[in-house]
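Listed below, chain by chain, are the residues.
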Amino acid sequence: IFQIVGYVAQAMGNREFHYLRWVQRWREQERGFPLLAGNLEDLRNPHGPWLNTLIWEGPVRIGLIGLTPVQYPVGSTWERLTGFRFLPPEQTLARWLPQLEKSCHSVIVMSHLGLPEDRRMASLFPSLRLILGGHSHDVLPVPERIGACSIVQGGSHGRFLGELTLHYPGPADWQSLDWKLHPLS
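Residues numbered from 1 in each chain as written. Predicted model: local features only at pLDDT ≥ 70, side-chain atom pairs only at ≥ 80, totals over all residues. Heavy atoms only, no water.

Enquirer: Just give me the short version of the side chain of threonine 68, but keep the residues and values in it.
Expert: Among the secondary structure elements, threonine 68 is positioned in the loop between strand E5 (61–67) and helix H3 (77–82). Residue classification places threonine 68 among the buried residues on the basis of a relative accessible area of 0%. Not counting chain neighbours up to four residues away, the residues in contact with threonine 68 comprise Met12, Gly13, Ala37, Asn39, Leu40, Phe86, His112 and Leu113. (Helix = DSSP H or I, 4+ residues; strand = E, 2+ residues; numbered from the N terminus. Buried < 20%, exposed > 50% of the residue type's maximum accessible area, 1.4 Å probe, protein only. Contact = heavy atoms within 4.5 Å.)

Below is the structure:
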């Protein structure tokens, strides 16, 4: 269904991540679009089946950063056993956000961290303008604003389809947005 809707990318959530690498590769072949997980490193395969960031080229250049839930701290026994390192999301944003801001008209964080962490990221990075969030199953019928950042979330379990429209008056960052939740069930 994601291909029918026209997904360009998806943040890797806890359901999309798998510790078995062959399962990751199999899911990648079925998906047909990339997963973004800028704060996840595969220490055994630096070219794992996900991307840190993606630049969408259209009338404007939009940089996408994906953030996945941290499942254990850096340096833990689980990291040594599995070969997967979950970096703190603020470390990831500090690395990728300035690079994308220089080369793109807009930067969107696709987060699967949950609303409390999305709020924290918006507070820590005042240049953030938009977070598409998930994980905590929150339904935000209107965008939540923290500084210049709008946070949107569309709930869980396919109850809603979120429709986001960004309005660009020219080749600069978006000036306004429309957020609608369409009930599906």
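Structure's up, so let's keep going.
Enquirer: Describe the state of the cysteines, with residues and values.
Expert: Under the defined criterion, the tally for this structure stands at 0 disulfides. This cysteine, cysteine 104, is not joined by any disulfide, and cysteine 149 carries the nearest cysteine sulfur, 16 Å off. (Disulfide = S-S within 2.5 Å.)

Enquirer: Before we move on, can you summarise helix H5 (residues 115–124) with the specific residues and values?
Expert: Buried within H5 we find Leu115, Asp118, Met121 and Ala122. Seen along its axis, H5 keeps its buried residues to an arc of 120°; they face one direction. Every exposed residue of H5 that faces more than 90 degrees away from the buried side is listed here: Pro116 and Ser123. On its buried side, H5 packs onto helix H4 (89–103), strand E7 (106–111), strand E8 (130–133), strand E9 (144–146) and strand E10 (149–153). (Arc of directions from axis to C-beta.)

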